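Observations on the three-dimensional arrangement
Okay, here's what each chain looks like letter by letter:
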Amino acid sequence: MEVVDAKVDAVAILKAYREKFADQDTMINSLFVQLDTELDKLGDPSRSRSDKNDVVLESEYLLTRLRSKLLVELSSIQKVLNSVSNAGATKLFKERLNTVMVYLGRLNDLRADFEVIQRTRYVDNWRR
């Protein structure tokens, strides 16, 4: 009877983690939407350069917040993977690890774009 209870508990725990990961994805998606909404402002030709610089700065704050949340989750996942022995849990957490790594890769691409903007702003300010 204990073996059946242990399997039921393991299934319930994995289900709870799947739900937690879905909640995390919702929060992460929300931050990506906020970031995208902020970046949409850069396409407005009526905005001044100063306004666009403020948009970039606000976007960098959002990017940093998002990256921080993902790095905390990455650390937690790695900690679990170092201690888990259940094959189902290992698979679930490795899948989540891959998802978080994809998110972080996208953020790194955005960071590279911001670096280009920052260099351009620096050169532009230097010329003045």
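Structure shown above.
Values in this document were obtained by computation on a predicted structure and should not be read as measured data.

With 20 residues, the main nonpolar core has Ile28, Phe32, Leu66, Leu70, Val100 and Leu107 as its most contacted residues. When contributions to this core are tallied by element, the ones reaching two or more residues are α1 (2-40), α2 (49-83) and α3 (87-127). Ranked by the residues each element gives to this core, the list is headed by α3, at nine residues. Contact partners of leucine 70, with chain neighbours within four places excluded, come to Ile28, Val100, Tyr103, Leu104 and Leu107.

The interhelical angle for the contact between α2 and α3, taken along N-to-C directions, is 155°, at an axis separation of 9 Å. One way to sum up the angle between α2 and α3 is to call them roughly antiparallel. The crossing of α2 and α3 is left-handed.

What counts and what doesn't
- Each chain carries its own residue numbering, running from 1 in the direction its sequence is written.
- For a predicted model such as this one, the threshold for reporting local features is a pLDDT of at least 70, and the threshold for listing and counting side-chain atom pairs is 80 or more; totals across whole chains, interfaces and linings nevertheless cover every residue.
- Just so you know, side-chain values use all the structure's heavy atoms and leave hydrogens and water out.
- Remark: nonpolar core denotes a set of buried residues (Ala, Val, Leu, Ile, Met, Phe, Trp, Tyr, Cys) joined through side-chain atoms within 4.5 Å.
- With a 1.4 Å probe rolled over the protein chains alone, any residue whose accessible area is under 20% of its type maximum counts as buried; one over 50% counts as exposed, and the rest are partly exposed.
- Going along the chain from the N terminus, every DSSP run of H or I of four or more residues is numbered as a helix, and every run of E of two or more is numbered as a strand.
- Only heavy atoms enter the contact rule, under which two residues are in contact if any of them lie within 4.5 Å.
- Axes here refer to lines fitted to C-alpha atoms; in helices the fit is confined to the stretch in contact. Angles between the N-to-C directions go from 0 to 180 degrees.
- For this classification, under 35 degrees means roughly parallel, over 145 means roughly antiparallel, 65 to 115 means roughly perpendicular, and everything else is oblique.
- Helix crossings get a hand from a simple test, with the near helix turned counterclockwise from the far one by less than a right angle marking a left-handed crossing and a clockwise turn marking a right-handed one.

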